[in-house]
Amino acid sequence: MGSFVNLTSTDGFSAPAWVAVPEGPVRGAIVVLQEIFGVNSHIQAVTERFAARGYVAVAPSLFARVQPDVDLGYAPADMERGMALKAATEALPAPGAMAEVQAAIAHAAAISGGKVGIVGFCWGGLMTWRAACTLPGLAAAVAYYGGGMTTPAEVARAPQCPVLAHFARQDHWISVDSVQAFGRAHPEVEIHLYDADHGFNCDQRGAYDESSALVARDRTLAFFDRHLA
């Protein structure tokens, strides 16, 4: 089982991160970026699954600068609160929560002694894309239905490591047209569309789609196995 540890960013700010370490040999590390619901039980479970595959997994708290210890569910009130926390975090002066992502990358590299990948979901998917384009120390990135990834400002970015992106055809937040336009702008990014809705990977949400989640999982693990070896 993982546990929370405090990571210190380059500006001296200390924020918690959930860290899970493999019991056996370590094959690399993966930073896991949360949805708007905090480092909750779902995100903790994701880190545990990566650790079971041999990866050190680190999930930094991206809301720590605006509110500590955020752990939300998926009810409408949780969604509203999470959206407000996301907006407040996005409004922070640069680098904002990206400093916590960089601290997690450094911590993951130090523990594992190997290459570091990054994966994120929803808002975390957007942060994953930004990290792949702006932060050093990453060997691979996987974004799940990254909200905002397909907007012009984000499309204008250029990834510095291999990127895999999962999107959903029924996602009312991210249109298929915008995904296709993103793909034309970034032919180097491996993109997959699933017959599912936004949030299809989370087994605690009503949008969970097991078949899509399993296919995406296998593609994600193969991608990391290939680039973090």
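Thresholds, definitions, all that
Residues numbered from 1 in each chain as written. Predicted model: local features only at pLDDT ≥ 70, side-chain atom pairs only at ≥ 80, totals over all residues. Heavy atoms only, no water. Helix = DSSP H or I, 4+ residues; strand = E, 2+ residues; numbered from the N terminus. Rg over C-alpha atoms; globule rule 2.2 N^0.38 Å. Buried < 20%, exposed > 50% of the residue type's maximum accessible area, 1.4 Å probe, protein only. Phe/Tyr/Trp six-rings, centres within 6.5 Å; stacked < 30°, edge-to-face > 60°. Core = buried A, V, L, I, M, F, W, Y, C linked by side-chain atoms within 4.5 Å. Contact = heavy atoms within 4.5 Å.

What about the overall build of the chain?
Link 1 in the chain: What the chain contains, in helices and strands, is seven helices and eight strands.
Link 2 in the chain: Relative to the compact-globule value of 17 Å for 229 residues, the chain shows a C-alpha radius of gyration of 16 Å, a close match.
Link 3 in the chain: With the C-alpha coordinates of the chain rotated into their principal frame, the extents come out at 40 × 40 × 30 Å.
Link 4 in the chain: Burial statistics for the chain: of 229 residues in total, 54% are counted as buried.

Considering the packing of aromatic side chains
Link 1 in the chain: Considering all chains together, one arrives at 11 aromatic pairs under this definition.
Link 2 in the chain: Seen in terms of ring centroids, Y144 and Y145 are 5.9 Å apart; in terms of plane orientation they differ by 75 degrees. Their pairing is edge-to-face.
Link 3 in the chain: Its relative accessible area of 4% is what places Y144 among the buried residues.
Link 4 in the chain: Under the relative-accessibility criterion, Y145 is labelled buried at 0%.
Link 5 in the chain: Relative to F200, the ring of Y144 has its centre 6.3 Å away and its plane inclined at 50 degrees; by these criteria the two rings are tilted.

Here we look at unusual backbone geometry
Link 1 in the chain: For the bond from A94 to P95, the omega torsion is 5 degrees, close enough to zero to count as cis.
Link 2 in the chain: Position of P95 relative to the elements: it lies in the loop between α2 (76-90) and α3 (98-112).
Link 3 in the chain: Located in the positive-phi region is D69, a residue other than glycine, with phi close to 55 degrees.
Link 4 in the chain: On the secondary structure map, D69 appears in the loop between β4 (55-60) and α2.
Link 5 in the chain: Although it is not a glycine, Y145 adopts a positive phi angle of roughly 35 degrees.
Link 6 in the chain: In this structure, Y145 sits in the loop between β6 (140-144) and α5 (152-155).

Things to note about the nonpolar core
Link 1 in the chain: Counting 73 residues, the largest nonpolar core has V32, F50, V101, V119 and F224 as its most contacted members.
Link 2 in the chain: No other element matches the seven residues that helix α4 (residues 123-134) contributes to this core.
Link 3 in the chain: Leaving out residues up to four positions away in the same chain, F224 has contacts with I30, F50, Y55, G117, I118, V119, A140, V142 and A229.

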